[in-house]
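Take a look at the letters that make up each chain.
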Amino acid sequence: MVVVNAQPGIFALGTPEHGYQEFDLLPGAQPVDLVTAAASLVGPLSTTGGVNLVVGFRPELWAEVADPAEVPSGARGWEEGIAGPDGFTMPATQHDAWLWTAGGDRTAVFDNGRAIVDGLSAVARLRRETAGWLYRHDRDLTGFIDGTENPSLLEAPEVALVPGGKPGAGSSVVLVQLWEHSTTAWEKLPQEEQERVIGRTKPDSIEFDDETMPADSHVSRSTLEVDGQELDIFRRNVAYGTATRHGTVFVGFSCEQFRLEEMLRQMAGVGDGIRDALTRYTQPVSGGYYTVPSIDALRRFAPPEDD
């Protein structure tokens, strides 16, 4: 059974504008100071700022301040990159906190992003900031539909949240990466070859059957199966960047970090040497894991509400 007291922004689909900010503690500041400052933003920004706000912390930092019952098992920061057998690498760029703002217009996301930086300025330094948006409603910058295999909103909590009765119930582990696209090289490929790279048809996102699915397709390498059972994650990806430098913000939520880690290892070809063909046209430039606490857990750190 899943306890659905998660931060609601995880499941708030349909927001076209997004902002992502990653912070590190200032010298002399304590982990509890950062958690308290972030928790004090969640209520005001989510209810009066016209945005959804999701807050995550480096797993070790959260574990230091939280009750053990509020800490997901196996969650840990990304400290070492992943290296594939052919030299392909995924970098680790872990920070102490990640805040994701999503709203209906750029102004709301911009204004609230500034409020976040100001609200955390006494305890944390902004280290990375990324603006994102929905590209062509449901596609990524390859032109393919993104998130075809995402669970429905009825099923997503079971996939994304730690279930009731386990440590960290109602929380999630999120993987955040920036993938920069080599758009010129990608667009030189004929559509048929692009479809073989992805493992789906481009116009209508129909998955290839087992007989025609390439072993190095993105579908093959990003699908995780254990003992014959497919283990899903919940993706909230968007596009980012400018006309000349751009890519995908990968935001993947899971009830356990294992699923996310194994997906990345498969994509890099660790173990069997089969690298995801899509990684020849997109390159990860950042990567970190964050614990996204439940609302109940965050509430303990928020200041009391005024009457």
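Every chain is numbered independently, its residues counted from 1 as its sequence is written. With pLDDT at 70 or above as the cut-off, local features in this predicted model cover only qualifying residues; side-chain atom pairs require 80 or more to be listed or tallied, and sums for whole chains, interfaces and linings still use all residues. For side-chain calculations, the full set of non-hydrogen atoms in the structure is used, while hydrogens and water are omitted.

Novice: An account of empty space enclosed by the protein is requested, with residue identities and associated values reported.
Specialist: Cavity means a closed set of points on a 1 Å grid over the protein atoms alone, one where a 1.4 Å probe fits but cannot get out, pocket means an open set with protein on both sides within 12 Å along at least 5 of 7 lines, and lining means a residue has an atom within 4 Å of a point. Grid points are joined across faces, edges and corners, and a volume is the space filled by probe spheres set on the points. Under the criterion given, the structure shown has 3 cavities of 30 Å³ or more. Roughly 620 Å³ of volume is contained in the largest cavity. Together, 35 residues line the largest cavity, and D146, H218, S222, R235 and N237 are the ones closest to its centre. Contributions of two or more residues to the lining of the largest cavity are made by strand 7 (172–181), helix 7 (218–222), strand 12 (246–254) and helix 8 (257–268). Its residues assigned to classes, the lining of the largest cavity comprises 12 nonpolar, 14 polar and 9 charged. Roughly 70 Å³ of volume is contained in the second largest cavity. What lines the second largest cavity is Y20, E22, W98, R128, E129, T130, V176, Q177, L178, V249 and S286. Among the elements of the structure, strand 1 (17–25), strand 6 (124–133) and strand 7 are those that each provide at least two residues to the lining of the second largest cavity. Its residues placed into classes, the lining of the second largest cavity shows 5 nonpolar, 3 polar and 3 charged. The way it works is that DSSP assigns letters per residue, a run of H or I at least four long becomes a helix, a run of E at least two long becomes a strand, and they are numbered from the N terminus. For this classification, Asp, Glu, Lys and Arg are treated as charged, while Ala, Val, Leu, Ile, Met, Phe, Trp, Tyr, Cys and Pro are nonpolar and the rest, including Gly, are polar.

Novice: Tell me about the pattern of salt bridges, and please be specific about residues and values.
Specialist: Salt bridge, as applied in this entry: a Lys or Arg side-chain nitrogen positioned within 4 Å of an Asp or Glu carboxyl oxygen. In the structure shown here, the tally under the stated rule is 16 salt bridges. The residue D24 makes a salt bridge to R127 at a minimum N-O spacing of 2.9 Å. Of this pair, D24 sits in strand 1 while R127 is found in strand 6, placing the two residues 103 residues apart along the sequence. Here the term buried applies to any residue with accessible area under 20% of the maximum for its type, exposed to any over 50%, and partly exposed to those in between, with areas from a 1.4 Å probe on protein chains only. Accessibility expressed as a relative area gives 44% for R127, which makes it partly exposed. Residues E149 and R200 are paired through a salt bridge, measuring 2.8 Å at the closest nitrogen-oxygen approach. Separated by 51 residues along the polypeptide, E149 in the loop between strand 6 and helix 4 (156–160) and R200 in the loop between helix 6 (191–198) and helix 7 bring together distant segments of the chain. Each of the salt bridges in this network shares a partner with another, and the network as a whole consists of R58, E60 and D96.

Novice: Could you give me a rundown of the packing of aromatic side chains, with the residues and numbers involved?
Specialist: To pair, rings of Phe, Tyr and Trp, with the six-membered ring standing in for Trp, must have centres within 6.5 Å; the planes then decide the type, stacked if under 30 degrees apart, edge-to-face if over 60, and tilted in the middle. With the rule as written, the count across this model stands at 12 aromatic pairs. Aromatic side chains Y20 and W100 sit 6.2 Å apart centroid to centroid with 15° between the ring planes, which places their arrangement in the stacked category. Linking Y20 in strand 1 with W100 in strand 5 (residues 97–103), this pair joins segments that are 80 residues apart in sequence. No difference in accessibility class separates Y20 from W100, as the two residues are buried.

Novice: For the environment of G271, give the residues involved together with the corresponding values.
Specialist: Within the secondary structure layout, G271 lies in the loop between helix 8 and strand 13 (282–284). The exposed category is assigned to G271, whose relative accessible area is 83%. Between the C-alpha atom of G271 and that of G84, which follows or precedes it by 187 residues, the distance is 8.7 Å.

Novice: Could you give an account of the environment of L260, naming the residues involved and the relevant values?
Specialist: With respect to the helices and strands, the residue L260 is situated in helix 8. What makes L260 buried here is its relative accessible area of 0%. Separated by 85 residues in the primary sequence, L260 and L175 have C-alpha atoms spaced 6.9 Å apart.

Novice: Provide a residue-level description of the side chain of Q21, including the pertinent values.
Specialist: Its location among the elements puts Q21 in strand 1. A polar side-chain atom of Q21 sits 3.2 Å from a polar atom in the side chain of E129. Setting aside chain neighbours within four positions, we find Q21 in contact with A97, W98, L99, G113, I116, V117, L126, R128 and E129. Polar contacts, as counted here, are pairs of nitrogen or oxygen atoms within 3.5 Å of one another; within protein the pair requires one atom able to donate a hydrogen and one able to accept it, and residues that are adjacent in sequence qualify only if both atoms are side-chain atoms. Two residues qualify as a contact provided that any one of their heavy atoms is within 4.5 Å of a heavy atom in the partner residue.

Novice: If you had to explain the pairing of strand 6 to someone new, which residues and values would you point to?
Specialist: Strands are treated as partners if at least two bridges between them are detected by DSSP. Relative to strand 6, strand 1 runs antiparallel, the two being bridged by 9 bridges. Considered in strand 6, the bridge of D24 is made with R125. Here 2 bridges tie strand 6 to strand 11 (residues 238–241), and the two strands are oriented antiparallel to one another. Paired with G132 across the strands is Y240, a residue of strand 11.

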